[in-house]
Amino acid sequence: MREEYNDRPLEEAFDRGFNEGQLRLVEENTEMISQREQEIAQVVKSIAEVNEIFKDLAQIVVDQGTVLDRIDYNIEQSALTVSQGLQQLQKAEKYSKKNKKMMCILLLAVMIIVMIVILIAVKS
(Lines give C-alpha, C1' and ligand atoms only; values in the text may rest on other atoms or scores of the structure.)
Protein backbone atom coordinates (compact mmCIF):
# COMPACT_ATOMS: atom_id res chain seq x y z
CA MET A 1 0.00 0.00 0.00
CA ARG A 2 2.93 2.35 0.67
CA GLU A 3 4.26 1.90 -2.82
CA GLU A 4 0.92 3.03 -4.09
CA TYR A 5 1.35 6.44 -2.40
CA ASN A 6 4.90 6.89 -3.68
CA ASP A 7 3.75 6.99 -7.29
CA ARG A 8 0.99 9.54 -6.73
CA PRO A 9 1.34 13.16 -5.81
CA LEU A 10 1.16 13.92 -2.10
CA GLU A 11 -2.13 15.79 -2.37
CA GLU A 12 -3.86 12.79 -3.87
CA ALA A 13 -2.71 10.70 -0.95
CA PHE A 14 -4.19 13.18 1.50
CA ASP A 15 -7.34 13.69 -0.55
CA ARG A 16 -8.24 10.08 -0.18
CA GLY A 17 -10.66 9.69 2.67
CA PHE A 18 -11.07 13.44 3.45
CA ASN A 19 -14.20 15.33 2.62
CA GLU A 20 -14.15 18.96 1.49
CA GLY A 21 -14.77 20.39 4.97
CA GLN A 22 -11.91 18.40 6.43
CA LEU A 23 -9.58 19.52 3.63
CA ARG A 24 -10.55 23.16 4.26
CA LEU A 25 -9.85 22.63 7.97
CA VAL A 26 -6.45 21.11 7.17
CA GLU A 27 -5.64 24.08 4.90
CA GLU A 28 -6.71 26.55 7.58
CA ASN A 29 -4.62 24.73 10.17
CA THR A 30 -1.66 24.70 7.81
CA GLU A 31 -2.09 28.42 7.22
CA MET A 32 -2.34 29.10 10.97
CA ILE A 33 0.76 26.98 11.59
CA SER A 34 2.60 28.95 8.91
CA GLN A 35 1.53 32.24 10.51
CA ARG A 36 2.58 30.99 13.95
CA GLU A 37 5.89 29.91 12.54
CA GLN A 38 6.43 33.41 11.10
CA GLU A 39 5.40 34.98 14.41
CA ILE A 40 7.78 32.72 16.31
CA ALA A 41 10.56 33.61 13.88
CA GLN A 42 9.79 37.30 14.47
CA VAL A 43 9.86 36.76 18.25
CA VAL A 44 13.20 34.95 17.95
CA LYS A 45 14.55 37.83 15.85
CA SER A 46 13.28 40.36 18.42
CA ILE A 47 14.88 38.40 21.25
CA ALA A 48 18.17 38.34 19.35
CA GLU A 49 17.95 42.12 18.88
CA VAL A 50 17.20 42.62 22.58
CA ASN A 51 20.14 40.37 23.41
CA GLU A 52 22.40 42.52 21.21
CA ILE A 53 21.08 45.69 22.89
CA PHE A 54 21.86 44.24 26.33
CA LYS A 55 25.36 43.28 25.20
CA ASP A 56 25.93 46.83 23.96
CA LEU A 57 24.51 48.22 27.19
CA ALA A 58 26.80 45.97 29.23
CA GLN A 59 29.81 47.23 27.28
CA ILE A 60 28.74 50.84 27.84
CA VAL A 61 28.39 50.17 31.58
CA VAL A 62 31.88 48.64 31.68
CA ASP A 63 33.31 51.61 29.79
CA GLN A 64 31.59 54.08 32.11
CA GLY A 65 32.85 52.13 35.12
CA THR A 66 36.39 52.47 33.80
CA VAL A 67 35.90 56.22 33.31
CA LEU A 68 34.48 56.56 36.83
CA ASP A 69 37.45 54.64 38.25
CA ARG A 70 39.83 57.02 36.48
CA ILE A 71 37.91 60.04 37.76
CA ASP A 72 37.97 58.64 41.29
CA TYR A 73 41.73 58.01 41.04
CA ASN A 74 42.35 61.54 39.72
CA ILE A 75 40.28 63.05 42.54
CA GLU A 76 42.30 61.10 45.11
CA GLN A 77 45.54 62.22 43.50
CA SER A 78 44.33 65.84 43.43
CA ALA A 79 43.42 65.69 47.12
CA LEU A 80 46.87 64.29 47.92
CA THR A 81 48.59 66.98 45.82
CA VAL A 82 46.54 69.74 47.48
CA SER A 83 47.49 68.37 50.90
CA GLN A 84 51.18 68.36 49.96
CA GLY A 85 50.85 71.89 48.57
CA LEU A 86 49.33 73.05 51.86
CA GLN A 87 52.28 71.59 53.76
CA GLN A 88 54.69 73.39 51.44
CA LEU A 89 52.84 76.69 51.97
CA GLN A 90 52.99 76.22 55.74
CA LYS A 91 56.75 75.61 55.53
CA ALA A 92 57.18 78.69 53.34
CA GLU A 93 55.24 80.76 55.89
CA LYS A 94 57.54 79.55 58.70
CA TYR A 95 60.62 80.38 56.65
CA SER A 96 59.19 83.79 55.85
CA LYS A 97 58.62 84.51 59.55
CA LYS A 98 62.13 83.30 60.37
CA ASN A 99 63.52 85.55 57.60
CA LYS A 100 61.75 88.57 59.10
CA LYS A 101 63.22 87.79 62.51
CA MET A 102 66.66 87.35 60.97
CA MET A 103 66.34 90.67 59.12
CA CYS A 104 65.43 92.42 62.38
CA ILE A 105 68.36 90.80 64.20
CA LEU A 106 70.71 91.63 61.34
CA LEU A 107 69.45 95.24 61.23
CA LEU A 108 69.93 95.60 65.00
CA ALA A 109 73.41 94.08 64.73
CA VAL A 110 74.35 96.53 61.97
CA MET A 111 72.96 99.43 64.01
CA ILE A 112 74.96 98.32 67.06
CA ILE A 113 78.13 98.07 64.98
CA VAL A 114 77.48 101.52 63.48
CA MET A 115 76.91 102.96 66.97
CA ILE A 116 80.09 101.36 68.25
CA VAL A 117 82.01 102.79 65.31
CA ILE A 118 80.44 106.23 65.98
CA LEU A 119 81.32 105.98 69.69
CA ILE A 120 84.89 105.04 68.90
CA ALA A 121 85.13 107.84 66.36
CA VAL A 122 83.68 110.39 68.83
CA LYS A 123 86.02 109.30 71.65
CA SER A 124 89.09 109.40 69.50
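Small disclaimer: the values here were computed from a predicted structure and weren't measured. (Residues numbered from 1 in each chain as written. Predicted model: local features only at pLDDT ≥ 70, side-chain atom pairs only at ≥ 80, totals over all residues. Heavy atoms only, no water.)

A.B. asks: How would you summarise the overall build of the protein if you had to cite specific residues and measurements?
C.D. replies: Within the protein, the regular secondary structure consists of 3 helices and 0 strands. Reading the protein from its N terminus to its C terminus gives the helix and strand order α-α-α. In the form shown here, the protein has an accessible surface area of approximately 11900 Å², with 63% of it arising from carbon and sulfur atoms. (Helix = DSSP H or I, 4+ residues; strand = E, 2+ residues; numbered from the N terminus. Areas by Shrake-Rupley, 256 points an atom, 1.4 Å probe, with all protein chains shown as cover.)

A.B. asks: Account for the confidence of the model for the protein, naming residues and giving values.
C.D. replies: When pLDDT drops low, the exact placement of atoms in the prediction is not to be read closely. Residues at a pLDDT of 70 or more form 87% of the protein, whose mean pLDDT is 86. The weakest mean pLDDT in the protein belongs to helix α1 (residues 2–7) at 47; the strongest belongs to helix α3 (residues 20–123) at 92. In the model, residues 1–5 has pLDDT below 50 throughout and makes 3 contacts with residues more than four positions away in sequence or in other chains. (pLDDT = per-residue confidence, 0-100. Contact = heavy atoms within 4.5 Å.)

A.B. asks: Tell me about a positive patch on the surface, and please be specific about residues and values.
C.D. replies: Together, K91, K94, K98 and K101 make up a positively charged patch on the protein surface. Here K91 shows up in helix α3. The exposure class of K91 is partly exposed, given its relative accessible area of 46%. (Patch = residues over 30% accessible without salt bridge, like charges linked within 9 Å, V, L, I, M, F, W, Y side chains within 5 Å. Salt bridge = Lys/Arg side-chain N within 4 Å of Asp/Glu carboxyl O. Lys, Arg positive; Asp, Glu negative; His and termini not counted. Charge placed at Lys NZ, Arg CZ, Asp CG, Glu CD. Buried < 20%, exposed > 50% of the residue type's maximum accessible area, 1.4 Å probe, protein only.)

A.B. asks: I'd love a proper account of α3, names of residues and values included.
C.D. replies: When the terminal C-alpha atoms of α3 are compared, their 152 Å separation across 104 residues agrees well with the 154 Å that a helix rising 1.5 Å per residue should span. By the N-cap criterion, in which a side-chain oxygen at the helix start approaches the backbone nitrogen of a residue two or three places on, α3 is capped by N19, the distance to G21 being 3.2 Å. (Expected span 1.5 Å × (residues − 1). Polar contact = N/O pair within 3.5 Å; in protein donor to acceptor, adjacent residues only side chain to side chain.)

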